[in-house]
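# Residue-level structural notes
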Amino acid sequence: MRALFTEIEEATDRFIPVYVDCRIDWTPNAVFSRIFAKLAGQPPAEDMEEWDVARAVADLLLERKAVLVVCLDDIGCLGSRSEINRALYTLLRLHERYRGVKVSVVAIINDLTHNLPADLDAPVFSIFHPVEILFLPLYAKEIREVLRDRVQQGLAPDVVPARVLARVVERTRESGDIRAGLDLLKRAVTLAEQDGRRAVTAEDVCMV
């Protein structure tokens, strides 16, 4: 999703994609603060209330005349059922208070036993009609392609040797989450940089 959002940003300024990792930003206030920071280039003032931040987001969207697209990754980590509803309600009904504001929400659920629609209150369910897309676990070949593309886009040649990448692919396949592989890759590269080396080793991968 992050890669897709990057492509959208590079292609047009009509849409403003904001990726929110709910494992990190796990309250509605944190979600709106993340969105505000993306739009304004800096976080909101610490004394701003949640609705004040939401209102500032609306003002920025109207100023830029753009559509906000928010990805709530791991939405189940957003706290309680009431907090999930509060975040979605505020986002999806922002246009009612601010004519011209347009918001779209992508909710990602990694726990397939979590029935999100069942958690939604009637006011949210009446406006949030998600189209469910099931992503099956990636095969090793697909994992390798994703990680290799990320290496080629962000790193110099030979920073991640083929045998090291193969180890990252295997660890990613075991976890079943491509994000774990991307994080593993990033942290292994950081270890090599901190040690003053120009290439990642298998030991770096094992230490993460």
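Above this text sits the structure in question.
Before going into details, it helps to say that this report is about the structure given with it. Counting from 1, residues in each chain are numbered in the order their sequence is written. Confidence filtering applies because this is a predicted model: local features only for residues at pLDDT of at least 70, side-chain atom pairs given and counted only at 80 or more, and all residues used for totals across whole chains, interfaces and linings. Neither water nor hydrogens contribute to the side-chain values; these are computed over all heavy atoms in the structure.

### A closer look at the overall build of the protein
A run of DSSP states H or I qualifies as a helix once it reaches four residues; a run of E qualifies as a strand once it reaches two. Both are numbered from the N-terminal end. Each helix and strand counted, the protein has eleven helices and three strands in total. For the protein, the spread of C-alpha atoms along the three principal axes comes to 55 × 35 × 30 Å. Per-residue burial over the protein gives 35% buried out of 208 residues. Between two residues, a contact is recorded if the distance between any of their heavy atoms is within 4.5 Å. Contacts in the protein between residues far apart in sequence, at least 24 positions, make up 63% of those at least 6 positions apart. For every residue, the accessible area (1.4 Å probe, protein chains only) is compared with the maximum for its type, and the residue is labelled buried under 20%, exposed over 50%, or partly exposed between those bounds.

### Looking at a nonpolar patch on the surface
On the surface, a nonpolar cluster with roughly 410 Å² of combined accessible area is contributed by V131, I133 and F135. With respect to the secondary-structure elements, V131 resides in the loop between α7 (122–125) and α8 (140–154). By definition, no residue in a patch forms a salt bridge, and every one has over 30% relative accessible area; like charges are joined within 9 Å, nonpolar side chains (Val, Leu, Ile, Met, Phe, Trp, Tyr) within 5 Å. Accessibility throughout is a Shrake-Rupley quantity obtained with a 1.4 Å probe, and a residue counts as covered only by protein chains that appear here. When a carboxyl oxygen of Asp or Glu lies within 4 Å of a side-chain nitrogen of Lys or Arg, that pair is called a salt bridge.

### Focus: the packing of helix α9 (residues 162–175) against helix α10 (residues 178–194)
Their axes nearest at 8 Å, the elements α9 and α10 cross at an angle of 145 degrees. Considering the relative orientation of α9 and α10, their crossing is right-handed. In this structure, α9 contributes V168, R171, T172 and S175 to the contact, and α10 contributes I178, A180, G181, L184 and L185. Any residue outside Ala, Val, Leu, Ile, Met, Phe, Trp, Tyr, Cys, Pro, Asp, Glu, Lys and Arg is labelled polar, Gly included; the first ten of those are nonpolar and the last four are charged. Taken together, the residues of the contact of α9 with α10 sort by class into five nonpolar, three polar and one charged. What counts as an axis is a line fitted to C-alpha atoms, over the stretch in contact for a helix, and the angles between N-to-C directions run from 0 to 180 degrees. Two helices crossing with the near one rotated counterclockwise from the far one by less than a right angle form a left-handed crossing, whereas a clockwise rotation gives a right-handed crossing.

### Digging into the state of the cysteines
Disulfides are defined in this document as cysteine sulfur pairs within 2.5 Å. In this structure the tally under the stated criterion is zero disulfides. This cysteine, C22, is not joined by any disulfide, and C77 carries the nearest cysteine sulfur, 7.2 Å off. By relative accessible area, which is 0% here, C22 ends up buried.

### Some remarks on the side chain of S33
With respect to the helices, strands and loops of the structure, S33 is situated in helix α2 (residues 28–40). Judged by relative accessible area, S33 falls into the buried class, the value being 19%. In terms of polar contacts, S33 uses its side chain to reach the backbone carbonyl oxygen of N29, at 2.9 Å. For S33, the residues in contact, after removing those within four places along its chain, are P44 and V53. Whenever a nitrogen or oxygen atom comes within 3.5 Å of another N or O atom, the pair is scored as a polar contact, on the condition that within protein one atom can donate a hydrogen and the other can accept it, and that pairs from neighbouring residues in sequence are kept only if both atoms are in side chains.

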